[in-house]
Amino acid sequence: MASPNPDDDSDIELALMAYIVSCLAPKYDTEPAHNSGLTGEAYVNSLITGNPRTFYEAMGMSLPAFNKLCEVLSEKGGLRATLAISIQEQIAIFTHVCKVEGRLRTNGRRFIHSLDTLSSCVVKVIMALMRVSNLYIQTRVAADEIPFEVHSNPLYQFFEGALGAIDGSHIPATVPEADTQRFRNRKGFISQNVFAACNFDMTFCFIHAGWEGSAHDGRVLKDAMEKGFTIPARRYYLADAGYPLTLQFLTPYRGVRYHLKEQVEAINSGILPQNKEELFNLRHAKLRNVIERVFGAFKHKFPILHYGSQYPFLIQVYLVYALATLWNFLKMFDNGDEEYEDEEEEEEEENSIDVDEHEVHVDVREVDVHTEAWRQREKIATDMWVAYEHDARRRLY
């Protein structure tokens, strides 16, 4: 469950490719299915020279971003062309596998390659993305900088110490029969519990994948911190009620109206926040909801994360790191998703937070009133309430 080392040598790639083929080959023929008029290379070239929108719909990114990705993975990720398959086609195979629910047979017909060839390409691109992950998965603000999304919005300016938000998400997984009980989460399906921290610009700044679905969020967080998740002094991340209130993790008041959906319904009914705790929880939930939007858009962008795959579990774990890297890369070099992301954000906010407080099976109690973390939250809530009452005519909620 330790975070993979992106600098692992090529021997790991060979071992993983052999493992994939040995696991999946009995289920599929290794001969290519020649039912397309174009070879894989010709198909990719037709997209490159064709309509930009068609390219984007097929690849999930613009052509300039695709070219930049090929350059980065070649120069910094160690991705190499083979005699039969170019770097462009390898990346195209990877993106198609991640978009078509990981169905190798479907993509075998598209690219006219056998199972082992497709698997080889997928693993090579995964490893290349992991080698450059540290370049893209990182905190976007300096230790003494206030994120733009915070200081530019009067609703959130009291959270000036916030770097982003944290949460866990369950990614469907395929595991050996003997491990199914450990990986079955409280909702009843087999999954890996993935911890993530995100910046307010909807990019990941830390990912920790591979924990069994039955693991408590608090346990996964503890392990993430032991594996390198660090927080600068006097800074914190917003977290839901399933995590402990500390100086590093600012959580809502327990036993107080919290979830966005019920708060919005109350406000629409003319029921405004009645005290500093309700106001704090409302604005905390709105700002923290960025992590929910990130996970929702992330899985929508790469359906293989939503539906799961038949790859060996190690590959499923590595895939999360690779796709998080690709997600951040596209945020930096591709603006093609801006219209889609606006729609996704509204949808996620409307759906609100999907983990009720009573469903979080973590032994976390409200902190003692004398702790610094409690005083930190009290100060933020009090200052927020004073400003709210002073500006009662405008009712900024």
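Residues numbered from 1 in each chain as written. Predicted model: local features only at pLDDT ≥ 70, side-chain atom pairs only at ≥ 80, totals over all residues. Heavy atoms only, no water.

1. A closer look at the overall build of the chain
1) Next: Regarding its fold elements, the chain presents 18 helices and five strands.
2) Next: The 397 residues of the chain split such that 53% are buried.
3) Next: Counting only contacts in the chain whose residues sit at least 6 apart along the sequence, the fraction spanning at least 24 positions is 72%.
4) Next: Per element, the accessible surface of the chain, about 18,300 Å² overall, is 49% carbon and sulfur. (Helix = DSSP H or I, 4+ residues; strand = E, 2+ residues; numbered from the N terminus. Buried < 20%, exposed > 50% of the residue type's maximum accessible area, 1.4 Å probe, protein only. Contact = heavy atoms within 4.5 Å. Areas by Shrake-Rupley, 256 points an atom, 1.4 Å probe, with all protein chains shown as cover.)

2. A short note on the packing of aromatic side chains
1) Next: As enumerated under the stated definition, the model contains 18 aromatic pairs in all.
2) Next: Relative to F313, the ring of F183 lies with its centre 5.0 Å away and its plane at 70°, an arrangement referred to as edge-to-face. One end of the pair, F183, is in helix α10 (residues 180-183); the other, F313, is in helix α16 (residues 313-333), and 130 residues separate them in sequence. As far as the burial class goes, F183 and F313 line up, both buried.
3) Next: Look at Y253 and F280: their rings are 5.5 Å apart centre to centre, the planes differ by 80°, and that puts the pair in the edge-to-face class. Residue Y253 is located in the loop between β5 (249-250) and α12 (260-268), and its partner F280 is located in helix α13 (residues 276-288); the two are separated by 27 residues in the primary sequence. Comparing Y253 with F280, the two get one shared label, buried. (Phe/Tyr/Trp six-rings, centres within 6.5 Å; stacked < 30°, edge-to-face > 60°.)

3. Quick notes on the sheet that holds strand β3 (residues 204-212)
1) Next: Read from one edge of the open sheet, five strands run β3-β2-β1-β4-β5, paired in mixed fashion. A single partner strand is all that each edge strand has here, and the edge strands are β3 and β5.
2) Next: Both strand β1 (residues 162-172) and strand β4 (residues 236-238) contribute to a ladder of three bridges, which runs parallel. Looking at the pairing, A162 lines up with Y236 of β4.
3) Next: Of the strands in this sheet, β1, β2 (191-199) and β3 are in contact with α16, which crosses β3 at around 165°. (Pairing = 2+ DSSP bridges. Axes fitted to C-alpha atoms, helices over the stretch in contact; angles between N-to-C directions.)

4. Here's the deal with unusual backbone geometry
1) Next: Residue M202 is not a glycine yet carries a positive backbone phi of 70°.
2) Next: For R234, which is not glycine, the phi dihedral falls at a positive 65°.
3) Next: Among the residues examined, R234 registers a relative accessible area of 76% and is labelled exposed.

5. A short note on the side chain of H170
1) Next: Of note, H170 is situated in strand β1.
2) Next: Those residues in contact with H170 that sit more than four places away from it in its chain are N185, R186, F189, S191, Q192, N193, G213 and K299.

6. Here we look at the pairing of β2
1) Next: Buried residues dominate β2, accounting for nine of its nine residues.
2) Next: Looking at chain direction, β1 and β2 are connected through nine bridges and run antiparallel. Bridge pairing links P172 to S191 in β2.
3) Next: With six bridges connecting them, β2 and β3 associate as antiparallel partners. Note that in β3 the partner of A196 across the bridge is I207.
4) Next: What sits between β2 and β3 in their antiparallel hairpin is a turn of four residues, with M202 showing a positive phi close to 70°.

7. Details of the packing of helix α14 (residues 290-301) against α16
1) Next: Running from amino to carboxyl end, α14 crosses α16 at an angle of 100°, the nearest separation of the two axes being 11 Å. If you check the angle between α14 and α16, you find them roughly perpendicular. From α14, V294, A297, F298 and K301 reach across to α16, where they touch V320, L323, A324, W327 and L330. (Parallel < 35°, antiparallel > 145°, perpendicular 65-115°, else oblique.)

8. A short note on the packing of helix α4 (residues 63-75) against α16
1) Next: Contact pair α4 / α16: the axes reach a minimum separation of 10 Å and the direction vectors enclose 125°. In this view, α4 runs oblique relative to α16, as classed from their interaxial angle. The way α4 lies across α16 gives a crossing that is right-handed. Here A65, K68, L69 and V72 of α4 lie close against α16, whose contacting residues are L326, F329, L330 and F333. (Left-handed = near helix turned anticlockwise from the far one by under 90°.)

9. With respect to the pattern of salt bridges
1) Next: Scanning all chains against the criterion turns up twelve salt bridges.
2) Next: Residue E57 is joined to R53 by a salt bridge in which the shortest nitrogen-to-oxygen separation is 3.4 Å. One end of the pair is E57 and the other is R53, both in helix α3 (residues 52-59) and four residues apart, which spans about a single turn.
3) Next: Between D167 and R288 there is a salt bridge, with the nearest N and O atoms lying 3.6 Å from each other. Here the residue D167 occupies a position in strand β1, and R288 occupies one in helix α13, the gap between them amounting to 121 residues. Judged on exposure class, the residue D167 and its partner R288 are both buried.
4) Next: The network of salt bridges with shared partners includes D179, R182, E212 and R219. (Salt bridge = Lys/Arg side-chain N within 4 Å of Asp/Glu carboxyl O.)

10. Here we look at the environment of T39
1) Next: Topologically, T39 is positioned in the loop between α1 (10-24) and α2 (40-48).
2) Next: Of the residues examined, T39 reaches a relative accessible area of 46% and is grouped as partly exposed.
3) Next: Once residues within four sequence positions are removed from consideration, T39 is found in contact with F111 and I112.
4) Next: A distance of 3.1 Å separates a polar side-chain atom of T39 from the backbone nitrogen of A42. (Polar contact = N/O pair within 3.5 Å; in protein donor to acceptor, adjacent residues only side chain to side chain.)

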